[in-house]
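Chain and residue survey
Listed here are the chains, written in short residue letters.
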Amino acid sequence: MHSLSDRHHDAFDNPAKAQCREGNLRVLREAAHLLWEEALHPQSLSREEGRGDRLRLRCDWCELMGATGMLTLDLLEREGVLKSGGFVGVDLDSSRIDGFRRSRPDLKWIAGNLYEYLHTPDMANVGVLNLDEYGDVGSRSAETDFPLIHGLVRRA
């Protein structure tokens, strides 16, 4: 792994992108209180024991996968923030999605353009769309994405 981001060579598998992923989750925890619910840790028998309570998303997380989207899924699962089946992975590359689907059939996978699937049942419970513009800093194309997802944002 490189010490600096070089998106043309490291496919977003670098310390800068890892910090970006962790930062996204931290900001959601700190600022978006309505997205979270208390979840009892499976090893805790009751809330009275005083251990194991944590916050979990009450909605689904949607990730634009690319080659390294599984790194975000790994982070979310390590942190225990997803409810069962609470992840939707999207990618234009159908063979990539087929591979994800084979390895994780318990999750929702969409092969296609996100904007064409915004009103499908798999997207009905999405409350977090990780549409970070990490790779497009300074790009005017990033500004066009936001009006296109307006309906999803309103629904969430």
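See above for the structure.
The following paragraphs examine the structure supplied in this document.

Criteria and cut-off values
Residues numbered from 1 in each chain as written. Predicted model: local features only at pLDDT ≥ 70, side-chain atom pairs only at ≥ 80, totals over all residues. Heavy atoms only, no water. Helix = DSSP H or I, 4+ residues; strand = E, 2+ residues; numbered from the N terminus. Buried < 20%, exposed > 50% of the residue type's maximum accessible area, 1.4 Å probe, protein only. Contact = heavy atoms within 4.5 Å. Pairing = 2+ DSSP bridges. Axes fitted to C-alpha atoms, helices over the stretch in contact; angles between N-to-C directions. Core = buried A, V, L, I, M, F, W, Y, C linked by side-chain atoms within 4.5 Å.

**Details of the overall build of the protein chain**
Helices and strands together make up the secondary structure of the protein chain, namely 6 helices and 6 strands. Order of helices (α) and strands (β) in the protein chain, N terminus to C terminus: α-α-β-β-β-α-β-α-β-β-α-α. By the burial criterion, 36% of the 156 residues in the protein chain qualify as buried. The contacts in the protein chain between residues at least 6 apart in sequence include a share of 54% that link residues at least 24 apart.

**A short note on the sheet that holds strand β4 (residues 87-91)**
The sheet built from 4 strands is open, its strands ordered β5-β4-β3-β6 with parallel pairing. At either margin of the open sheet sits one strand with a lone partner, and together these are β5 (108-111) and β6 (126-130). Averaged over all neighbouring strand pairs, the angle between strand axes comes to 20 degrees, with direction disregarded. Alignment of strand β3 (residues 60-64) against β6, held across 4 bridges, turns out to be parallel. Paired with Cys 62 across the two strands is Leu 129, which belongs to β6. On top of the sheet, helix α3 (residues 69-79) reaches β3, β4, β5 and β6; it is set at about 155 degrees to β3, its chief contact.

**As for the nonpolar core**
In this structure, Leu 57, Trp 61 and Phe 87 are the most contacted members of the largest nonpolar core, which totals 19 residues. Taken together, the elements giving at least two residues each to this core come down to α2 (15-31), α3 and α4 (94-103). Of the residues forming this core, the biggest block, 3 residues, is contributed by α3. Not counting chain neighbours up to four residues away, the residues in contact with Phe 87 comprise Trp 61, Glu 63, Met 65, Leu 73, Leu 76, Leu 82, Leu 107, Lys 108 and Trp 109.

Functional significance is not addressed by these values, which are geometric in nature.
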